[in-house]
Amino acid sequence: TGASTAGRASMHSHLDDELEDRRRWYAVTVLCLAVAMIGINATIINIALPPIRSELHFTDASLVWVVNAYLIFFGGFLLLGGRLGDILGRRRLLLLGILVFAIASLGCGLATSAVTLVAARAVQGIGGAITSAVALSEIANVFEDAPRRSKALGIYVFVNAAGGSLGHLLSGVLTAELGWRWIFLINGPLGAGAYALCVAYLPNRSAAALNETLDVAGAVVVT
């Protein structure tokens, strides 16, 4: 009887471990989907630039800011986004980043002037930076053992690179078939899906540095 009880306990423990492992990979998949959305956006603008210039009356000199506004704010807020995730909670910041990115994307798609498009692209860059930084940090912490963590990070790198390549393809298809605004508007449903999946599958852990305060001066300087 004792051996039978021990066997059942061992079986239940094994099943619990398998279930927990499956949940961890679900979390990695969800995080990679969010990262793919950001990766696609990094290149999806390129083919759509000529019709954007014509419709919103950009000059050749100012058109570059449709790209630069996103890249500058994306790069500038990566470190701050990651740090805020440590202090306030990664899941919370990830959801905020996805929400900001999706709303800013809608703003880009509905832009009526060059100024509004560039401003929306800047906000989109902030949302993308928060999402990317927190997603990478969360993936690195999903697994405790080095082999599976390395595998998860490898998947992250692949998805990020593949998203950039897919962005070129989607840019051409969407611009030709639906118009340039849809390269931004498509992020609305994508963002809503990513948000819902993150709520469903990401664990709501307490922030590791919840009692710490943000070095405001350092954050401003590094940003």
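Residues numbered from 1 in each chain as written. Predicted model: local features only at pLDDT ≥ 70, side-chain atom pairs only at ≥ 80, totals over all residues. Heavy atoms only, no water.

1. Observations regarding the overall build of the protein chain
Here's step 1: The helix and strand inventory of the protein chain stands at eleven helices and zero strands.
Here's step 2: Ordered by position in the sequence, the α and β elements of the protein chain form the string α-α-α-α-α-α-α-α-α-α-α.
Here's step 3: Considering the protein chain as a whole, with its 223 residues, one finds that 40% of them fall into the buried category.
Here's step 4: Long-range contacts, defined here as pairs at least 24 residues apart, represent 84% of the contacts in the protein chain between residues at least 6 apart.
Here's step 5: A total accessible area of about 11500 Å² is found for the protein chain, and carbon and sulfur atoms account for 67% of it. (Helix = DSSP H or I, 4+ residues; strand = E, 2+ residues; numbered from the N terminus. Buried < 20%, exposed > 50% of the residue type's maximum accessible area, 1.4 Å probe, protein only. Contact = heavy atoms within 4.5 Å. Areas by Shrake-Rupley, 256 points an atom, 1.4 Å probe, with all protein chains shown as cover.)

2. Details of the nonpolar core
Here's step 1: Counting residues in each nonpolar core, the largest one holds 30 residues, and the members touching the most others are L31, L94, I98 and C198.
Here's step 2: Contributions of two or more residues to this core are made by α1 (2-44), α4 (65-76), α6 (90-109), α7 (114-142), α8 (146-177) and α10 (187-201).
Here's step 3: Examining the composition of this core, we find that ten residues originate from one element, α1, more than from any other.
Here's step 4: Apart from the residues within four sequence positions on either side, L31 is in contact with L94, A135, E138, I139, V142 and L202.
Here's step 5: I40, L56, V67 and A120 belong to the second-largest nonpolar core, a separate cluster that totals 20 residues. (Core = buried A, V, L, I, M, F, W, Y, C linked by side-chain atoms within 4.5 Å.)

3. Remarks on helix α5 (residues 78-88)
Here's step 1: Within α5, the full set of buried residues consists of L80, G81, G82, G85 and I87.
Here's step 2: Residues of α5 that are buried sit in contact with α6, α7 and α11 (216-222).
Here's step 3: Positive backbone phi, approximately 110°, marks G89, located one or two places after α5.

4. Examining the packing of aromatic side chains
Here's step 1: Tallied over the entire structure, the rule returns four aromatic pairs.
Here's step 2: For the pair Y70 and F74, a centre-to-centre distance of 5.7 Å together with 20° between the ring planes defines the contact as stacked. Residue Y70 and its partner F74 are both found in helix α4; the two are separated by four residues, about one turn of the helix.
Here's step 3: Y70 sits in the buried class, given a relative accessible area of 2%.
Here's step 4: What makes F74 buried here is its relative accessible area of 19%. (Phe/Tyr/Trp six-rings, centres within 6.5 Å; stacked < 30°, edge-to-face > 60°.)

Purely geometric numbers; function is a separate question.
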